[in-house]
There are 2 protein chains.
Amino acid sequence: MSASFFAPVRFVGVVGGDCPFDLAKVFAGREVDLTGLEIRKQSKTFRWAGTYHENMDDRTTDLTELNVLAEAPPGVPGKFKNSKFVFLANTAPALQIQLLEQVDKPEFVAVDTMNLWIENNLDDVKALLKKIDCLIINEDEARMLARQNNLVKAGEIILRMGPSVVILKKGESGSITCNNKGDKFILPAYPATDVKDPTGAGDSFAGGFMGSLAQRGKADFETLKKAIAYGTVVASFSIADFSLNGLTSIERGDIDRRFEALRKLTTF
Amino acid sequence: MSASFFAPVRFVGVVGGDCPFDLAKVFAGREVDLTGLEIRKQSKTFRWAGTYHENMDDRTTDLTELNVLAEAPPGVPGKFKNSKFVFLANTAPALQIQLLEQVDKPEFVAVDTMNLWIENNLDDVKALLKKIDCLIINEDEARMLARQNNLVKAGEIILRMGPSVVILKKGESGSITCNNKGDKFILPAYPATDVKDPTGAGDSFAGGFMGSLAQRGKADFETLKKAIAYGTVVASFSIADFSLNGLTSIERGDIDRRFEALRKLTTF
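Residues numbered from 1 in each chain as written. Chains lettered and ligands numbered in written order. Predicted model: local features only at pLDDT ≥ 70, side-chain atom pairs only at ≥ 80, totals over all residues. Heavy atoms only, no water.

Student: Outline the pattern of salt bridges, listing residues and values.
Tutor: Following the criterion strictly, the structure yields 25 salt bridges over all chains and no others. A salt bridge links Lys170(A) to Glu172(B); the shortest N-O distance between them is 3.5 Å. Taken together, the positions of Lys170(A) in the loop between β8 (165–169) and β9 (175–179) and Glu172(B) in the loop between β8 (165–169) and β9 (175–179) put the pair across two chains. On the basis of relative accessibility, which here comes to 30%, the residue Glu172(B) falls in the partly exposed class. Its salt-bridge partner being Glu38(B), residue Arg40(B) comes within 2.8 Å of it at the nearest N-O pair. Of the residues examined, Arg40(B) reaches a relative accessible area of 15% and is grouped as buried. In this structure, a network of salt bridges that share partners links the residues Glu139(A), Asp140(A), Arg143(A), Lys170(A) and Glu172(B). (Salt bridge = Lys/Arg side-chain N within 4 Å of Asp/Glu carboxyl O. Helix = DSSP H or I, 4+ residues; strand = E, 2+ residues; numbered from the N terminus. Buried < 20%, exposed > 50% of the residue type's maximum accessible area, 1.4 Å probe, protein only.)

Written out as structure tokens, the structure is:
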């Protein structure tokens, strides 16, 4: 949904027969190709539940049911194989590798991961990091992966594991991005006063980021910086409401206006 | 020390006979007028001790001995009474008010405070806030003072308590500044990889901020933004070493170069 504000999206994913949404209806009127959506009637959809703390930034995971995500990954449709900008959302790193191997010659591959895989499937995570361009990761997970508490140093250690770009997400404090040429970019989050549900903020960020890169068709550092700002802005709309409501209620113009506001807020 | 990189400083403060430093030597060669330094031979100097957590951002206070700070405040020398830019460092808010009343017509008064006073002397804090221009406060203390967990909303609530500017400090995540005209400024911290001791980071920030304002002789929002960036940069040098060593080992040119680097790191 986030990426579709910027460029046509090719969706690959799998849900169970219990999925309460008609995804074709959810994405109707948007340039989102759902050919890669598989509905496994006999399986159950992935579920996560958590409790947010009072600051709406820290959270406790109450429940993670992998369900259909513990099965074989969905296939990448033949007409998607020439995709150039690929985002592998958070799932088992072995599945992320299998999905990536189905794409012919991607130009820029970004990956999300989580503590669960760093703790239990570290070898798979490390194999994945050698095949991608960009890791998008929470600050605590970065510290865990790099075994280093200083976040900037942790980013530099992760760069040596393979990716040429690392985006370190700091929740309501924004993000730090570094690449293997020594470039850095630090961006605060948009100062949201209206936070109803931070769930999906990270995915909204990644979607806006990848959509913006795909729209520009390149991924040099100047382009990455603007894409990170777009991702930050889309996430700020996402958390203002439950489910996808924060995104389905806005238009591209709202995003561009907030992008300019974020620039003004951070310029000195 | 921080402020002296930018403008002449008039120092007012009190230590006990046990102070292990010869402050005249410490400040020798700098434009710091120590006429307002009082040494009470029979009293003991203020002491604080704490333990920093692994991220070097959170800390636990192990010991606070007010000592000489619990006595009468030092006097403001007659030749200091025409000072225009006044910073009231952290001490009991009743003492801060007494000190401020000894300055004739200050143009811009900024104040630091802490959880201790918000918890135990809230009425004094509220009286102080009505007499000043700018409160510089940690994010947790801002949430406590405003009784509001959303930091941006907390800033707005504090503005209604009196100051026209509030600077909300977020440690390694920088700061958010808002004023009573609706202007906002968000600045990340400089991405320091070399952190030996964060003690005094807040005071170094305040010193650089006030020094920069005094140098420019004004406090409009554009000037405030640059002063906040200078404060941020000075603090990043301060935490690279123990005591004042991070500051006594640099020159103004180092500060200006890092100021430009911080601008480049945050521009998109």
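Student: For the packing of aromatic side chains, give the residues involved together with the corresponding values.
Tutor: Taken as a whole and judged by the stated rule, the model has 16 aromatic pairs over all chains. Aromatic pair Trp48(A) and Tyr52(A): ring centres 6.5 Å apart, planes at 65°, arrangement edge-to-face. Each ring, one from Phe268(A) and one from Phe259(B), has its centre 5.3 Å from the other, and the planes form 80°; the classification is edge-to-face. Here Phe268(A), found in the segment after α10 (252–266), pairs with Phe259(B), found in helix α10 (residues 252–266), and the two come from separate chains. On the accessibility criterion, Phe259(B) (5% relative accessible area) is buried. (Phe/Tyr/Trp six-rings, centres within 6.5 Å; stacked < 30°, edge-to-face > 60°.)

Student: I'd love a proper account of the relation of the copies chain A and chain B, names of residues and values included.
Tutor: Note: a rotation about an axis with an accompanying shift along it relates these two copies of the chain. Placing chain A over chain B gives an RMSD of 0.0 Å and needs a rotation angle of 180°, together with 0.0 Å of translation along the axis. Look at the turn and shift together and you get a two-fold axis relating the two. Here 100% of the contact residues of chain A are again contact residues in chain B; the copies associate through an equivalent surface. (Least-squares fit on C-alpha atoms with pLDDT ≥ 70 in both. Contact = heavy atoms within 4.5 Å.)

Student: Can you tell me about the interface of chain A and chain B, naming the residues and giving the values?
Tutor: With 31 residues of chain A at the interface, the matching set in chain B holds 31 residues. Buried surface at the junction of chain A and chain B, summed over both partners, amounts to about 2,800 Å²; 57% is from carbon and sulfur atoms. Linking chain A to chain B there are four salt bridges. Here chain A is connected to chain B by 17 residue pairs in polar contact (both at pLDDT 80 or more). Every element with two or more residues in the side of chain A that touches chain B is listed here: α5 (139–146), α6 (151–159), β10 (184–187), α8 (221–238) and α10 of chain A. For the side of chain A that touches chain B, the leading source of residues is α10(A), giving six residues. (Buried area = accessible area lost by both parts, 1.4 Å probe. Polar contact = N/O pair within 3.5 Å; in protein donor to acceptor, adjacent residues only side chain to side chain.)

Student: Which residues make up the sheet that holds strand β5 (residues 85–88) of chain A, and what values do they have?
Tutor: Residues and elements named next belong to chain A. Taken in spatial order, the six strands of this open sheet run β5-β6-β7-β8-β9-β10, and their pairing is mixed. The sheet is open, and its two edges are formed by β5 and β10, each paired on a single side. Ignoring strand direction, the axes of neighbouring strands in this sheet form an average angle of 15°. (Pairing = 2+ DSSP bridges. Axes fitted to C-alpha atoms, helices over the stretch in contact; angles between N-to-C directions.)

Student: Would you mind going over helix α2 (residues 93–100) of chain A in detail, with residue names and values included?
Tutor: Given 3.6 residues per turn, any residue in an α-helix points the same way as the ones three and four places further on. Residues and elements named next belong to chain A. Here α2 lies mainly inside the structure; six of its eight residues are buried. Within α2 the residues assigned to the buried category are Pro93, Leu95, Gln96, Ile97, Leu99 and Leu100. Residues of α2 that are buried sit in contact with β1 (9–16), β5, β6 (108–112), α3 (115–120) and α4 (122–129).

Student: Can you lay out the packing of helix α2 (residues 93–100) of chain B against helix α4 (residues 122–129) of chain B for me, pointing to particular residues and giving the numbers?
Tutor: Residues and elements named next belong to chain B. Direction vectors running N to C along α2 and α4 enclose 30°, while the axes themselves pass 8 Å from each other. Looking at the two axes, α2 sits roughly parallel to α4. When you trace α2 past α4, the crossing you get is left-handed. Judged by residue contacts, Pro93, Ala94, Gln96 and Ile97 of α2 engage Asp124, Val125, Ala127 and Leu128 from α4. Within the contact of α2 with α4, the residues separate by chemical class into six nonpolar, one polar and one charged. (Parallel < 35°, antiparallel > 145°, perpendicular 65-115°, else oblique. Left-handed = near helix turned anticlockwise from the far one by under 90°. Nonpolar A, V, L, I, M, F, W, Y, C, P; charged D, E, K, R; others polar.)

Student: I'd like to hear about the sheet that holds strand β5 (residues 85–88) of chain B, residue by residue, with values.
Tutor: Residue and element names in this part refer to chain B. Judged by pairing direction, the sheet is mixed, and its six strands sit side by side in the order β5-β6-β7-β8-β9-β10 without closing on themselves. Sheet topology places β5 and β10 (184–187) at the edges, where each strand pairs with a single neighbour. Neighbouring strand axes in the sheet, compared pairwise and without regard to direction, differ in orientation by 15° on average. Of the strand pairs in this sheet, β5 and strand β6 (residues 108–112) are connected by four bridges, and their pairing is parallel. Bridge assignment links valine 86 to a residue of β6, and that residue is valine 109. Strand contacts of helix α6 (residues 151–159): β7 (134–138), β8, β9 and β10, with the helix running at about 145° to β8, the strand carrying the most contacts. Against the sheet, helix α7 (residues 201–216) makes contact with β5, β6, β7 and β8, and its axis sits at roughly 170° relative to β5, the strand it touches most.

Student: Lay out the pairing of strand β7 (residues 134–138) of chain A in plain terms, naming residues and giving numbers.
Tutor: All names here are of chain A. Most of β7 is tucked away, with four of its five residues classed as buried. The pairing of β6 with β7 spans three bridges and is classified as parallel. Residue pairing across strands places alanine 110 opposite cysteine 134, the latter belonging to β7.

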